[in-house]
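Report on the structure
Chain residues, written in single-letter form:
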Amino acid sequence: MDARWREARVCAVAAGLAMAGYAVAAALHGAWPPGAAATAVPFHAQLWDQAHGRSPGDLLFNWNSGYGAPFLADFFANLMDPFSWLTVLLPRSQGQLAVFLVALGSIGLGTGLMAHALGRLHPGPHWLRALAAVGYGLCAWVTTVAGPAPMWLWGLVSLPLLVLSGDWCLHERRWTAATLCVVVAWAGNLYTAAMATITAGLVLGVRLLAVRRDFRGVVRVTGRAVTAVTAGVLLAAPVLFVAVRAAQEAQPESPLQPLGPAGFGGHVARLLPGTHGGPPVPDVSIGLLGLLLVAGLPFNRRVRPRERIVWCGLLALVVLGFVWTPTLLVWHGLAIPAGGPYRVAFVLSGLLVLAGWVSLAHRPDTVTLLGGAAVVLLVAAVAAGQHSVRASTWALLVAGGAVLLAALWILEHRHTDRRAGAAATAVLGCAVLGGAVWSAHAALDAAPSGTASGAPVRAGYAALRQAADWPQARTDPGPHAFTPNDPLLLDGQGGGYATGYLPTVTALLLHDLGAGWAAGGRQTASVTDPVGQALFAVRTHLDDGPPPTGFSVARAAAPPLVTVLPPGARTDTSSVWSRQESLLGGQVYDVPDPVPAGGPAPTAHGSSGWSVPATPAGAEGTAFTAACTPGGTAFFHGVWFDGTVSGLGAVYRSDGVQPTTAVPIHRLGVVPADGVVRVVLHADTVTQVPARPVGCLRPGALEAAVARLTATGAARVTVDGHVLTARLRTGGTGTALVSVPATAGWTCATGGGPAAAPRSVLGMIGVPLGGLGTDRITCSFRPPGLTEGLTLALASAAVTALTTVFGRLRHRPARPPRRLRRAVGGAPGGAPGRNGA
């Protein structure tokens, strides 16, 4: 019991030091957590809404974003960290504080588990083990990669958890516990769990090779590890299946970009504390103490040569895997993430800490310390002149290096003196924590600040809450934007959504209707024109406005969420204007053919559009004219155009980049009395615009179309989680058009009939009503892969339970036969028998 209590204290001290270090660094920075505004804060706001019953959707479907999108895969990816539930205990407006607490809890838990894993790897001084674990909990990856995106921080927990599972398999015990640890890791975050599983397997392999073992023992250990991982992954099958199916339906990543030419010096520099910035390379620094210990491992003669060789070989193998593109793709699931090519760096940081502890646990002598110091000086010499090496790095190396070497020398030469050892340990603790805080503060200062809090956001949330009329109509936070995920942040129902699981159907529908996108379609935005807003039943939206809030509230008439297209309605996909009219069920635009009218001559490519040449500095831009009905409203849709657009008094910047950044429809102004719309394009580079980029909304046409759709559309719409029900006008025929992207997983029924998959009408849900008509439709969503995952998980749970029970029965001590027990009971000096006193 005393040993367990001592171990708990060591882990708690390690966790507390890491949490305190991160909190102090954030306090010095003056904001938390930097860079988390775009994704983490809005998703935790959605969790708060669902926990308090204020969200229009549920865990299966998100009615807020992308005008309706699947949510379970995003919940698994962003909110499965158990610390995320701390969010519900705080006010909704304290989203950044909630995300900070999530990060803090994950850092503490990961550090504590690493402290315990180090003790299982090799026995050694308890408090030194805690300090080594702090280097892992505050490694550079935490502040530069995972801090802005706390969902990745579960990887910090998964790695030591799976290393502990491997330790149990190595000692052939606790197979069920090892399996459950795999479940916790994979359910918490699939992405980092896969990386941590590979790494834990490599660590187990090193431990098998470091000591000579008989072949049968190696096979038994390997079998236990493989079966534990397999069973654990199968128990997490609902997460796995839903995520895989969602990834298959998602908008694909942008084309793979080659890794930047960081060079050998750029990579080596990131081993040093306090480095940040420069070309993208792995952030693997674990502090100066860890670096000295790892660098001294090859010289530590107290570590068996075989063990030194396998640990150094493993580190070299992983490092090479980080600089070769094919192996880096394997680490990242065959797709280098757009946000940074080295999300996997935490596993190398963990391996460095484990290897450093092997050296520290064997009490590095003077030769080891001098060898490690020489290697660190060599690293510093190679890294000198790199952009990532700052003044703080040299200060940490000089001052921190001297203090650490002196303390380690005292621990070696005066290890029998308890006072000297305690003083040296205290000095090491101050040096480790001070260096970690300094490095973290430098990295946090370089991170972008968020805009997901403050008075403007609270004002936007209040404005949408006041105007809410869901589900009869939508209140859209766009086109104004605080973050890419404003519909979650402000509890509106808009088109903005930034996620790796954004369905291709959603991205293409919004793109085809004139909304903008970024990140190659993995970040969508709300529609900006009145026809698009009417198609999505947007009656209230936030537009850009003056300070102090930066937005203004705009309102317009819109039909209900469910409208009815007449029988025989046809779709036209020749332009963005014709697609909008097809879903609206009537013509509202003049769509003239543009005529070149001056400046650098464009090149016509038929239905593919126009190539617009770059405009020389100071020269007149390429001009087009188009004829429209006087008094109408002219709009321009440049899509990929990169340059400046001007016309009818409007001037705006268009930053299109094909295929990553699409520009939405922009309003030019009122068509003059002569009916001529003149648009001038000042292109920065050779770029392309659609064949018919100008559309003119006829006076009164949209109002008439909205009145018609309202009269023939749904009389009432109700939404209950992932189920939508609409009551139609009596005898409705044709096709019921639900203004929701037709993503996989929807089934719809008319009247009381059987449910079937709906048809797609240019990307929206279309429900055929039949010739006789019906007065009600019901649509329900179920994430693809959920049923299969639950079935497999239940079967795996049954097998795991049976295996556990049979294992316990097999290892239970055998009871002697009843005749022998009676004989022993009646023997002299034995226990009294049945007739005894």
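Below or above, wherever it landed, is the structure these notes cover.

Cut-offs used in this document
Residues numbered from 1 in each chain as written. Predicted model: local features only at pLDDT ≥ 70, side-chain atom pairs only at ≥ 80, totals over all residues. Heavy atoms only, no water. Helix = DSSP H or I, 4+ residues; strand = E, 2+ residues; numbered from the N terminus. Buried < 20%, exposed > 50% of the residue type's maximum accessible area, 1.4 Å probe, protein only. Contact = heavy atoms within 4.5 Å. Areas by Shrake-Rupley, 256 points an atom, 1.4 Å probe, with all protein chains shown as cover. Lys, Arg positive; Asp, Glu negative; His and termini not counted. Charge placed at Lys NZ, Arg CZ, Asp CG, Glu CD. Pairing = 2+ DSSP bridges. Disulfide = S-S within 2.5 Å. Phe/Tyr/Trp six-rings, centres within 6.5 Å; stacked < 30°, edge-to-face > 60°. Polar contact = N/O pair within 3.5 Å; in protein donor to acceptor, adjacent residues only side chain to side chain. Expected span 1.5 Å × (residues − 1). Core = buried A, V, L, I, M, F, W, Y, C linked by side-chain atoms within 4.5 Å. Patch = residues over 30% accessible without salt bridge, like charges linked within 9 Å, V, L, I, M, F, W, Y side chains within 5 Å. Salt bridge = Lys/Arg side-chain N within 4 Å of Asp/Glu carboxyl O.

**Quick look at the overall build of the protein chain**
A tally of regular secondary structure across the protein chain gives 27 helices and 26 strands. Principal axes of the C-alpha set define a box for the protein chain whose edges measure 110 × 85 × 45 Å. The 837 residues of the protein chain split such that 54% are buried. Long-range contacts, defined here as pairs at least 24 residues apart, represent 74% of the contacts in the protein chain between residues at least 6 apart. Of the roughly 34500 Å² of accessible surface on the protein chain, 63% is carried by carbon and sulfur atoms. In the protein chain, 57 side chains carry a positive charge and 38 a negative one; their mean positions are 20 Å apart.

**Regarding the sheet that holds strand β10 (residues 589–590)**
If you trace the four strands from one edge of the open sheet to the other, you get β10-β21-β15-β18, paired in antiparallel fashion. Of all strands in the sheet, those with a lone pairing partner are β10 and β18 (666–670), marking the two edges. As judged from the two bridges shared by β10 and strand β21 (residues 694–697), these two strands associate in the antiparallel manner. Along β21, the bridge assignment pairs D590 with C696.

**Describing the state of the cysteines**
Under the definition given, this model contains two disulfides. Disulfide partner of C628: C696, at an S-S distance of 2.0 Å. When the S-S torsion is 65 degrees, as for the bridge of C628 with C696, the disulfide is right-handed. Linking C628 in the loop between β14 (622–627) and β15 (633–636) with C696 in strand β21, this pair joins segments that are 68 residues apart in sequence. There is a disulfide in this structure between C748 and C779, and the S-S distance comes to 2.1 Å. What sets the handedness of the C748 and C779 disulfide is the S-S torsion sign, and at about 110 degrees it is right-handed.

**Some remarks on the packing of aromatic side chains**
Between two aromatic rings, the relevant description is the distance of the centres plus the angle of the planes. Counted under the stated rule, the structure contains 18 aromatic pairs. Ring plane angle 35 degrees and centroid distance 6.3 Å describe the contact between F43 and Y497, whose orientation is recorded as tilted. Of this pair, F43 sits in helix α2 (residues 40–51) while Y497 sits in strand β4 (residues 497–498); the two residues are 454 residues apart in sequence, bridging distant segments of the chain. For F43, a relative accessible area of 1% gives the class buried. Taken together, F61, W63, W470, W746 and F781 form an aromatic cluster joined through their ring pairs.

**What to know about the side chain of T483**
With respect to the element layout, T483 can be found in the loop between β3 (474–479) and α21 (486–490). A polar contact of 3.1 Å, which involves the side chain of T483, links it to the backbone nitrogen of N485.

**So, helix α17 (residues 366–383)**
When the terminal C-alpha atoms of α17 are compared, their 26 Å separation across 18 residues agrees well with the 26 Å that a helix rising 1.5 Å per residue should span. Buried within α17 are the following residues: T368, L369, G371, G372, A373, V376, V379, A380 and A383. Close packing links the buried residues of α17 with α12 (263–269), α13 (288–296), α16 (345–361) and α18 (391–413). Within two residues after α17, G385 carries a phi angle of roughly 90 degrees, on the positive side.

**Some words on the side chain of S55**
For S55, the location among the structural elements is in the loop between α2 and β1 (61–62). According to the relative accessible area criterion, S55 is buried, its value standing at 13%. At 3.3 Å, the side chain of S55 forms a polar contact with the side chain of Q46. Those residues in contact with S55 that sit more than four places away from it in its chain are Q46, D49, Q50 and N64.

**Things to note about helix α4 (residues 95–121)**
Spanning 27 residues, α4 covers 39 Å between terminal C-alpha atoms, matching the ideal 39 Å at 1.5 Å per step. Counted residue by residue, α4 has 21 buried out of 27 residues, so it is predominantly covered.

**Points about the nonpolar core**
Residues W141, W311 and L428 are the most contacted members of the largest nonpolar core, which totals 146 residues. Tallying contributions element by element places α16 first for this core, with 13 residues. Leave out the neighbours within four places in its chain, and W141 touches A146, W152, L153, L156, D283, Y342, R343, A345 and F346.

**As for a nonpolar patch on the surface**
Nonpolar side chains collect at one region of the surface, where L802, V805, F806 and L809 lie side by side and expose about 400 Å² of accessible area between them. Within the fold, L802 resides in helix α26 (residues 786–811).

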